[in-house]
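Close look at the chain arrangement
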Amino acid sequence: MKVYIAADKYGENLKQSLKKVMDEMEFSYEDLTKEGYDFVDCSNVVCEQLLKDDDKDSLGIVIDRYGAGSYIACNKHKHIVAAEISDERSALMTKRHNGARILVMGAGIVGEDLAIGCMKKFLTYKYDGGRHQIRVDMLDKML
């Protein structure tokens, strides 16, 4: 499993903090951020990379100022479930029950400690599948 991460200028500091924690947790990640990227660019590059990755367990993290814009942009991609998160319980449950592959956070909403907690929940739990797959399939048919 690999984690693809990107942030606009407002999420850059938080992204760096999350990368340090991923290093400590020995997660493999790739920072896809390019200079001048806005939240739409960050969302698109993470989604595109996830969709072409052969490892379907790979995940994404997108960080902007408030989270809403990146959340909307990510969910425009077919076969992508992204969740805008600002608490650890939601990070856990959207992964387990919704099969979310992208964690979206707003650096102006969540602080560093909370963002780290959300990321840890998101990265360390698996999708439960089973009865939850019915809804994920329904979401895929919408686009």
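It should be emphasised that the depicted structure is a prediction, and the values quoted were computed from it without experimental measurement.

Calculation rules
- Residues numbered from 1 in each chain as written.
- Predicted model: local features only at pLDDT ≥ 70, side-chain atom pairs only at ≥ 80, totals over all residues.
- Heavy atoms only, no water.
- Axes fitted to C-alpha atoms, helices over the stretch in contact; angles between N-to-C directions.
- Helix = DSSP H or I, 4+ residues; strand = E, 2+ residues; numbered from the N terminus.
- Parallel < 35°, antiparallel > 145°, perpendicular 65-115°, else oblique.
- Left-handed = near helix turned anticlockwise from the far one by under 90°.
- Contact = heavy atoms within 4.5 Å.
- 1 Å grid on protein atoms, 1.4 Å probe; cavity = no way out; pocket = protein on both sides within 12 Å on 5 of 7 lines; lining within 4 Å.
- Points joined across faces, edges and corners; volume = space filled by probe spheres on them.
- Nonpolar A, V, L, I, M, F, W, Y, C, P; charged D, E, K, R; others polar.
- Salt bridge = Lys/Arg side-chain N within 4 Å of Asp/Glu carboxyl O.
- Buried < 20%, exposed > 50% of the residue type's maximum accessible area, 1.4 Å probe, protein only.

Digging into the packing of helix H1 (residues 12-24) against helix H5 (residues 112-124)
In helix packing, the relevant descriptors are the interaxial angle and the interaxial distance, both defined with respect to the helix axes. Where H1 meets H5, the axes come as close as 10 Å, and the angle between the chain directions of the two elements is 50°. When the interaxial angle is binned, H1 and H5 end up oblique. For H1 against H5, the interelement crossing comes out right-handed. Residues Leu14, Ser17, Leu18, Val21 and Met22 of H1 form the contact with H5, whose participating residues are Glu112, Ala115, Ile116, Met119, Lys120 and Leu123.

Re the layout of surface pockets
To find leftover empty space, one rolls a probe the size of a water molecule over the atoms. Volume-wise, the largest pocket comes out at about 390 Å³. If you trace the largest pocket, you find 21 residues lining it, with Lys56, Gly99, Ala100, Arg101 and Tyr127 closest to the centre. Elements that contribute at least two residues to the lining of the largest pocket include exactly H5 and helix H6 (133-142). Per-element tally for the lining of the largest pocket: the top contributor is H6, with three residues. Counted by class, the lining of the largest pocket contains ten nonpolar, five polar and six charged residues. In this structure, the second largest pocket encloses a volume near 210 Å³.

Some thoughts on the pattern of salt bridges
Here the structure, examined in full by the defined rule, presents five salt bridges. Across the salt bridge formed by Lys19 and Asp31, the nearest N and O atoms sit 2.9 Å from each other. In this pair, Lys19 is assigned in helix H1 and Asp31 in strand S2 (residues 28-31), connecting sequence segments twelve residues apart. Assessed through its relative accessible area of 25%, Asp31 is described here as partly exposed.

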